[in-house]
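Spelled out, the chains give:
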Amino acid sequence: MEKRHKLQFMKPTDPRLLDYVATPALLISGGQVRFANAAARDVLGAHIVGQDPRIAIRDPKVVALIAQPGGGNVTVDGLSVRGSRWNVACHVLEDGARLLVLEDLSVRVSVARAHADFVANASHELRTPLAAILGYVETLDDPKAGADEATRKRFLGIIRHEARRMQALIEDLMSLSRIEAVKHDAPTAPVELVALARECAGEVGERAKVSVTANTEAAQVAGDRGQLAQVLRNLIDNAIKYGKPDGEVAVTIEVTPSGRVSLSVRDEGEGIAPEHLPRLTERFYRADASRSRAAGGTGLGLAIVKHIVERHRGRFDIASRPGEGTVASLILPLMP
């Protein structure tokens, strides 16, 4: 109400009107920055008002743009912070003053770069098993290799392994795509987390010893049961793959007084070096690439987990120390 009241008493030519614009804008006249709106002061600092634009902005391309008689546009990098990208438009006003408008392109550029990296990584991950399959098929096509029963069986086993790895990668890519398509839609169906954890742990009973402990008989969350089951299966599967061959996987569920439920999956493996932890949920990132591929990992499992947990308005974290195993944990809000 206060801003609306003040706005009624402003002249149409009052530069303070720019404060009501979310886009950074500066008014330059007489070799000085006469006015900078709140958005511009946030980006460049409040000290720029009254300064020479060459000192206030410190970018040769922008300074040259301001000096041009007809104004124009220029794209500059690092105007606010390192790695940022901005489009700067200079408009020449009737009195010779310049109106400088800054458009932040950083998010758009970042998304485009992430998309390009994702396509490149996915192509590489698919190319590797495909090359192996084609190579061994060509070898088997040779009468000498194909006629040898032991060689034929060994090569067919490798082909089967690589084909299944490619199939798993495609399934994970499709799964990630489906999750991202609905990431803004918070699920509302009731899901009982303790029963679901015991169900998922029971599915791998023949492969490993998985225990489930809880400080409650039931913990109901608003969720997508299929996606939460996928989270549990991914975390338990990772713990089995990277834990000790005869080690135990421990699933722990705790309801907190704050109305949340914490679920953690602990293994007894070699642990993960600290420098890898912040990047583990990136697509295709692997702390040990050769071991992950040998175990059949696609490099997308933890990215899928993170996206599902975020869709459920929760938080996901991984804690680990070399030699002490790894704990993957998520926190979700309980249903009222």
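Structure: see above.
Reading the values: rules and limits
Residues numbered from 1 in each chain as written. Predicted model: local features only at pLDDT ≥ 70, side-chain atom pairs only at ≥ 80, totals over all residues. Heavy atoms only, no water. Helix = DSSP H or I, 4+ residues; strand = E, 2+ residues; numbered from the N terminus. Buried < 20%, exposed > 50% of the residue type's maximum accessible area, 1.4 Å probe, protein only. Contact = heavy atoms within 4.5 Å. Areas by Shrake-Rupley, 256 points an atom, 1.4 Å probe, with all protein chains shown as cover. Pairing = 2+ DSSP bridges. Axes fitted to C-alpha atoms, helices over the stretch in contact; angles between N-to-C directions. Parallel < 35°, antiparallel > 145°, perpendicular 65-115°, else oblique. Left-handed = near helix turned anticlockwise from the far one by under 90°. Nonpolar A, V, L, I, M, F, W, Y, C, P; charged D, E, K, R; others polar. Core = buried A, V, L, I, M, F, W, Y, C linked by side-chain atoms within 4.5 Å. Salt bridge = Lys/Arg side-chain N within 4 Å of Asp/Glu carboxyl O. Arc of directions from axis to C-beta. Polar contact = N/O pair within 3.5 Å; in protein donor to acceptor, adjacent residues only side chain to side chain.

*Asks:* Give me the lowdown on the overall build of the chain, citing residues and values where you can.
*Replies:* Counting its secondary structure elements, the chain contains 11 helices and 12 strands. In the chain, buried positions account for 37% of the 336 residues. Across the chain, every contact between residues at least 6 apart in sequence was considered, and the portion connecting residues at least 24 apart equals 55%. Split by element, the accessible area of the chain, about 19300 Å² in all, is 53% carbon and sulfur.

*Asks:* Describe the sheet that holds strand β11 (residues 315-320), naming the residues involved and giving the relevant values.
*Replies:* With mixed pairing, the 5 strands of this open sheet are ordered in space as β7-β9-β10-β12-β11. Each end of this open sheet is capped by a strand with a single partner; those strands are β7 (209-214) and β11. Direction aside, the axes of adjacent strands within the sheet are offset by 15° on average. In the sheet, β7 pairs with strand β9 (residues 248-255) via 6 bridges, with the strands oriented parallel. Within the sheet, the bridge partner assigned to Ala 214 lies in β9 and is Ile 253.

*Asks:* A description of the environment of Val 109 should follow, citing residues and the corresponding values.
*Replies:* With respect to the helices and strands, the residue Val 109 is situated in helix α5 (residues 106-140). Separated by 25 residues in the primary sequence, Val 109 and Ser 84 have C-alpha atoms spaced 8.8 Å apart.

*Asks:* Explain the packing of helix α7 (residues 149-181) against helix α11 (residues 301-311) to me, and be specific about the residues and the numbers.
*Replies:* For the pair α7 and α11, the least separation of the axes is 10 Å and the interaxial angle reads 15°. Classified by the angle between their axes, α7 and α11 sit roughly parallel to one another. In this structure, α7 crosses over α11, and the sense of that crossing is left-handed. Mapping the contact onto sequence places Asp 172, Ser 175, Leu 176, Ile 179 and Glu 180 in α7 and Ala 303, Ile 304, His 307 and Ile 308 in α11. Counted by class, the contact of α7 with α11 contains 5 nonpolar, 2 polar and 2 charged residues.

*Asks:* Please provide a residue-by-residue account of the sheet that holds strand β5 (residues 98-104), values included.
*Replies:* On the basis of which strands lie adjacent, the open sheet formed by 5 strands has the order β2-β1-β5-β4-β3 and antiparallel pairing. A single partner strand is all that each edge strand has here, and the edge strands are β2 (32-36) and β3 (72-77). Going across the sheet, the axis of each strand differs from the next one's by a mean of 25°, ignoring polarity. Of the strand pairs in this sheet, β3 and strand β4 (residues 85-92) are connected by 6 bridges, and their pairing is antiparallel.

*Asks:* Lay out the side chain of His 276 with the relevant residues and their values.
*Replies:* Among the structural elements, His 276 can be located in the loop between β10 (260-266) and α10 (289-294). Here His 276 is in contact with Tyr 285 and Ala 287, once residues within four sequence places are set aside.

*Asks:* Summarise the environment of Thr 298; cite the residues concerned and give the values.
*Replies:* Looking at the element boundaries, Thr 298 is found in the loop between α10 and α11. Counting along the chain gives 13 residues from Thr 298 to Tyr 285, while the straight-line C-alpha distance between them is 9.4 Å. If sequence neighbours within four positions are ignored, Thr 298 has contacts with Ala 168, Leu 169, Asp 172, Phe 284 and Arg 286.

*Asks:* I'd like a description of the nonpolar core, backed by residues and values.
*Replies:* With 47 residues, the main nonpolar core has Leu 235 and Phe 316 as its most contacted residues. The element that contributes the greatest number of residues to this core is helix α9 (residues 225-242), accounting for 8 residues. With near-sequence residues (within four places) excluded, Phe 316 lies in contact with Leu 235, Thr 281, Leu 302, Val 305, Lys 306, Val 309, Ala 328, Ser 329 and Leu 330. Grouped together as the second largest cluster of nonpolar side chains are 20 residues, Ala 36, Ala 56, Ile 66 and Leu 102 included.

*Asks:* Explain the pairing of β2 to me, and be specific about the residues and the numbers.
*Replies:* With 4 bridges joining them, strand β1 (residues 25-29) and β2 adopt antiparallel strand pairing. The partner of Leu 27 across the bridge, within β2, is Phe 35. Remark: 2 residues form the turn of the hairpin made by β1 and β2, two consecutive strands paired antiparallel; Gly 30 in that turn has positive phi of roughly 65°.

*Asks:* Could you give an account of the pattern of salt bridges, with specific residues and numbers?
*Replies:* Counted according to the given criterion, the structure contains 13 salt bridges. Residue Arg 311 pairs with Asp 224 through a salt bridge whose shortest N-O separation is 3.4 Å. In this pair, Arg 311 is assigned in helix α11 and Asp 224 in the loop between β8 (220-222) and α9, connecting sequence segments 87 residues apart. Linked through salt bridges whose partners overlap, the residues forming this network are Glu 149, Arg 152 and Lys 153.

*Asks:* Before we move on, could you go through helix α4 (residues 60-67) and cite the residues and values that matter?
*Replies:* The set of residues buried in α4 consists of Val 62, Leu 65 and Ile 66. Seen from one end, α4 has its buried residues packed into an arc of 100°, which puts them on one side. Along α4, exposed side chains directed more than 90 degrees from the buried face belong to Pro 60 and Ala 67. Its side-chain oxygen 3.0 Å from the backbone nitrogen of Lys 61, Asp 59 forms the N-cap of α4.

*Asks:* So what about the side chain of Ser 264? Which residues, and what values?
*Replies:* Along the polypeptide, Ser 264 turns up in strand β10. Residues within four places of Ser 264 in sequence aside, it is in contact with Ala 250, Val 251, Thr 252, Val 327, Ala 328 and Ser 329.

*Asks:* Which residues make up unusual backbone geometry, and what are the values?
*Replies:* We note that Arg 58 has phi near 60°; this positive angle belongs to a residue other than glycine. If you trace the backbone, Arg 58 turns up in the loop between α3 (53-57) and α4. Despite not being glycine, Arg 313 shows a phi value in the positive range, around 60°. Tracing the backbone through its elements, the reader meets Arg 313 in the loop between α11 and β11. Arg 313 gets classed as partly exposed once you look at its relative accessible area, which sits at 45%.

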